[in-house]
Amino acid sequence: MITINDVSKVYGRGEKAIVALDAVNLAVPQGEIFGVLGESGAGKSTLIRCVNLLERPTSGSIIVNDQEITSLNGPALRKARQRIGMIFQHFNLLSSRTIAENVAFPLEVMGYNRSQRQERVKELLALVGLENRAQAYPAQLSGGQKQRVGIARALAGKPDVLLSDEATSALDPQTTRSILELLQDLNQRMGLTILLITHEMGVVKQICHQVAILEAGKVVEQGRVSELAALPESRLARSLFPRLQSYEAQPGARIVTITFAGDTADEPVLSNVIRQFDVNVNILSGNIEKFGEQRIGQLQAEFVGGQFEAALNYLRQLGLRVEVDE
Amino acid sequence: MDWNYWSYLLPDLWQATQDTLLMVGVSTIFTVLLGLPLGVLLVVTDRDGLLHLPWLHQILGFIVNIGRSLPFIILLVAITPFTRLIVGTTIGTTAAIVPLTVAAIPFFGRVAETSLREVDGGVVEAAKAMGCNGWQIVLKVLIPEALPSLILGVTITIISLVGYSAIAGAVGAGGLGDLAIRYGYQRFETGVMVVTVVLLIVFVQIIQWIGNRLAERMARHA
């Protein structure tokens, strides 16, 4: 649905040039929620703004729904933008308009007549659960309600994709969860494709199917969230499952990190290790995360004595990923 | 208190009040009609504006600054050929409207520019993302969002015009300022002076009060 080909963005020229995006390639399939994760300054905001050409890439191309956005200008570009919804960290609602008028705004731009607008606004406010606040002004709403208005407005013209620019970063954790649930619900019920940028791992964990990690303008890791989480050496797994850094193993002990994915997360593998291989196990840390229906866990433990190599082989045969610290 | 004297003056006072209202009213309308687009142009031509024409911004800014640096009394005399061209005469209430408007346009242009700049850039960006063109952004976003602030700007402009109109009295424009000078200053009739000054104070108070109320009502939701 969205294809980003080799997109670079450079601000300034010559020695003062700042590379915000460095040959970024991404593909967001139809019907998926794709997260771009990165620290502030990594270039994710520039990236999402390139998708609807609020920023024009220095090089590379962007294709949204089979249309090469980067080749467009003037009226054709504005038409294409109407097919791309966008929500913002600070909501960006018009303070002089009521909620209903805010949601009607893109419809006015698209040339809907009054009765068509009224009908569509009603549907949209029902969709985000704000039917009874239609005549309120943005200043009278809470942050979460404002973002719901933002979502209704973004969806007004039945866009192909929704861009979310840190949409939950200004909200408290509970409101964040409810907004993410709404986005997930829209994705599941309407098949809405969502490209979101965030600096919060929790957002990726809760709703994203795929993720790309951006560092200093470069995509350093990309893939399905559940697959990356199951790869112990991935950046995603490393930040999902923090390990004890400063721990010194006891004399004769080895530190072992075991990553569980899927069914094996339920099996009592550790008690088998203790019983069959006579290894003493001292658990250092452990965590299980759920990604949709799949559970992925990581356990860090000290193994002391017994048949150490045989125990590792046993674990690997079960399909677990096992790493031994040197 | 000489009632005969005052009853003889009353028609003059009434005429002067009407003249002031006419001068200020009509020049306010033209000032807003021409000054608001000027303010919009100053905003959209700027470096990070919608049109991004920094050279035009520079030129407009330069002209506006010239207009603002001329003392009104000088401007009044300097543009008499232009005034004659527009209204066919250079004296009287109608003729005063031209210099009043010319003086107030750059003033209100700057005031409007400041108001429009206060509009949150994120809202403009959201409008762009929704596929708005430049006109739609100006008419549906910038001006409506800046309206409370623009109304206060118009209020300040009207009050300045009341002040300017008193000076315009010097070239036979009529109005309260003229009355104050002719009777109060030149004929040493302090009573008339006091009455006109009180009337001007009342005007300004009423205008400011109305402006504040309107802006408050608009901004109630903001």
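Model, not experiment: these values are computed from the prediction.

## What to know about the overall build of chain B
If you tally the helices and strands in chain B, you get 9 helices and 0 strands. Overall, chain B shows an N-to-C arrangement of helices and strands of α-α-α-α-α-α-α-α-α. Taken along its principal axes, the extent of the C-alpha atoms in chain B is 70 × 40 × 25 Å. Per-residue burial over chain B gives 41% buried out of 222 residues.

## Notes on the overall build of chain A
Tallying secondary structure elements over chain A gives 11 helices and 14 strands in all. Counting over 326 residues, chain A shows a buried share of 42%. Considering only intrachain contacts with a sequence separation of at least 6, the fraction spanning at least 24 residues in chain A is 68%.

## Comments concerning the UniProt feature "domain: ABC transporter" (unreviewed entry) in chain A
UniProt's entry tags residues 2-241 of chain A with the feature "domain: ABC transporter" (unreviewed entry), counted in the numbering of this structure. Here residues 2-241 of chain A runs as 38% helix and 26% strand, with 30 Å between its end C-alpha atoms.

## Comments concerning the UniProt feature "transmembrane region" (unreviewed entry) in chain B
UniProt feature "transmembrane region" (unreviewed entry): in the numbering of this structure it lies at residues 20-44, 56-79, 85-108, 150-171 and 191-211 of chain B. Overall, residues 85-108 of chain B shows 79% helix and 0% strand. The separation of its end C-alpha atoms is 24 Å.

## Section: the sheet that holds strand β2 (residues 18-28) of chain A
All names here are of chain A. Spatially, β2-β1-β4-β5 is the arrangement adopted by the 4 strands of the open sheet, whose pairing is antiparallel. With one partner strand each, in any of the chains shown, β2 and β5 (67-68) form the two edges of the open sheet. Taken together, the 5 bridges between strand β1 (residues 2-11) and strand β4 (residues 59-64) define a ladder with antiparallel strand orientation. Across the sheet, T3 pairs through a bridge with I63, a residue of β4.

## Some remarks on the environment of A:I283
Residue and element names in this part refer to chain A. Counting through the fold element by element, I283 comes out in strand β12 (residues 280-291). Look at I283 and you get exposed, because 10 C-beta atoms sit within 10 Å. Through-space distance from the C-alpha of I283 to that of N113 is 66 Å; in sequence the pair is 170 residues apart. Setting aside residues up to four positions removed in sequence, I283 forms contacts with L299 and A301.

## Description of the pairing of strand β3 (residues 33-37) of chain A
All names here are of chain A. Counting buried residues along β3, 5 of its 5 residues qualify, which places the element largely inside the surrounding structure. Of the two faces of β3, the one carrying I33, G35 and L37 and the one carrying F34 and V36 are both buried. Examined bridge by bridge, β3 and strand β8 (residues 193-198) share 5 bridges and lie parallel to one another. Across the sheet, the residue bridging to F34 is L195, located in β8. As paired elements, β3 and strand β9 (residues 210-215) share 4 bridges and run parallel to each other. Looking across to β9, one finds that F34 is bridged to Q210.

## Brief notes about the domain arrangement of chain A
How large an interface is tends to be reported as the accessible area lost when its parts come together. Residues and elements named next belong to chain A. Per the domain assignment, the segments making up chain A are domain 1 (2-235) and domain 2 (242-324). Computed from C-alpha atoms alone, the centre-to-centre distance between domain 1 and domain 2 is 39 Å. Contacts between the two partners involve 6 residues from domain 1, matched on the other side by 11 residues from domain 2. Of the residues that constitute the side of domain 1 that touches domain 2, the class distribution is 4 nonpolar, 1 polar and 1 charged.

## As for the packing of helix α6 (residues 121-129) of chain B against helix α7 (residues 134-168) of chain B
Residue and element names in this part refer to chain B. Orientation of α6 relative to α7, taken along the N-to-C sense of each, is 160 degrees, at an axis distance of 11 Å. Taken together, α6 and α7 sit at an angle that is classed as roughly antiparallel. Between α6 and α7 lies a crossing whose hand is right-handed. Counted together, V123, V124 and A127 of α6 and I137, V141 and E145 of α7 form the full contact between these two elements.

## With respect to the confidence of the model for chain B
Keep in mind that low pLDDT regions are not for reading the predicted coordinates in detail. Residues and elements named next belong to chain B. Looking at chain B, the pLDDT average stands at 90 and 98% of residues meet or exceed 70. Across chain B, element-level confidence peaks in α6 with a mean pLDDT of 95 and bottoms out in helix α8 (residues 176-186) with 81. Of the two predicted TM-score estimates for the complex, the pTM is 0.86 and the ipTM is 0.85.

## Examining the sheet that holds strand β10 (residues 218-224) of chain A
Residues and elements named next belong to chain A. Across the sheet, 6 strands lie side by side as β6-β7-β8-β3-β9-β10; this open sheet has mixed pairing. Strands at the two margins of the open sheet, each flanked by one partner only, are β6 (84-88) and β10. When strand polarity is set aside, the average angle formed by the axes of neighbouring strands in this sheet is 15 degrees. Here strand β7 (residues 161-165) runs beside β8; their pairing, made up of 5 bridges, is parallel. Paired with L163 across the two strands is L195, which belongs to β8.

## Looking at the pairing of β8(A)
Residue and element names in this part refer to chain A. The buried fraction of β8 amounts to 6 of the 6 residues, a majority that puts the element mostly inside the structure. Residues T193, L195 and I197 point to one face of β8 and I194, L196 and T198 to the other, with burial holding for every one of them. Handedness of the crossover is the feature at issue here: the chain leaves β7, passes through helix α6 (residues 173-190), returns alongside β8, and the resulting connection is right-handed.

## Section: the nonpolar core
A:V51, A:V103, A:A152, A:L195, A:V211 and B:L100 are the most contacted members of the largest nonpolar core, which totals 148 residues. For this core, the domains that each give at least three residues are domain 1 (2-235) and domain 2 (242-324) of chain A. If we skip the residues at most four places from it in the chain, A:V51 touches A:I2, A:I62, A:V64, A:I84, A:L163 and A:L195.

## Here's the deal with the environment of A:Q298
Residue and element names in this part refer to chain A. Along the polypeptide, Q298 turns up in strand β13 (residues 294-304). Owing to 25 C-beta atoms within 10 Å, Q298 belongs among the buried residues under this scheme. Spatially, the C-alpha atoms of Q298 and Q145 are 37 Å apart, while their sequence positions differ by 153 residues. If we ignore the near neighbours within four places in the chain, the residues touching Q298 are P232, A237, F241, T257, T259, G286 and N287.

## Quick look at the packing of helix α3 (residues 99-110) of chain A against helix α4 (residues 114-127) of chain A
Residues and elements named next belong to chain A. The contact between α3 and α4 brings their axes to 9 Å, and the two run at 125 degrees. Here α3 is positioned oblique relative to α4, judged by the angle of their axes. In this structure, the crossing between α3 and α4 has a hand that is right-handed. Between α3, through A100, V103, A104, L107 and E108, and α4, the contact on the second element is made entirely by R117, R120, V121, L124 and L125. Looking at the contact of α3 with α4, its residues break down into 7 nonpolar, no polar and 3 charged.

What counts and how
Residues numbered from 1 in each chain as written. Chains lettered and ligands numbered in written order. Predicted model: local features only at pLDDT ≥ 70, side-chain atom pairs only at ≥ 80, totals over all residues. Helix = DSSP H or I, 4+ residues; strand = E, 2+ residues; numbered from the N terminus. Buried ≥ 20, exposed ≤ 12 C-beta atoms within 10 Å, placed from the backbone. Contact = placed C-beta atoms within 7 Å. UniProt positions renumbered as here; feature names shortened; annotations may be inferred. Pairing = 2+ DSSP bridges. Domains from an automatic or database assignment. Nonpolar A, V, L, I, M, F, W, Y, C, P; charged D, E, K, R; others polar. Axes fitted to C-alpha atoms, helices over the stretch in contact; angles between N-to-C directions. Parallel < 35°, antiparallel > 145°, perpendicular 65-115°, else oblique. Left-handed = near helix turned anticlockwise from the far one by under 90°. pLDDT = per-residue confidence, 0-100. Right-handed = clockwise from strand over helix to strand, strands pointing away. Core = buried A, V, L, I, M, F, W, Y, C linked by C-beta atoms within 7 Å.

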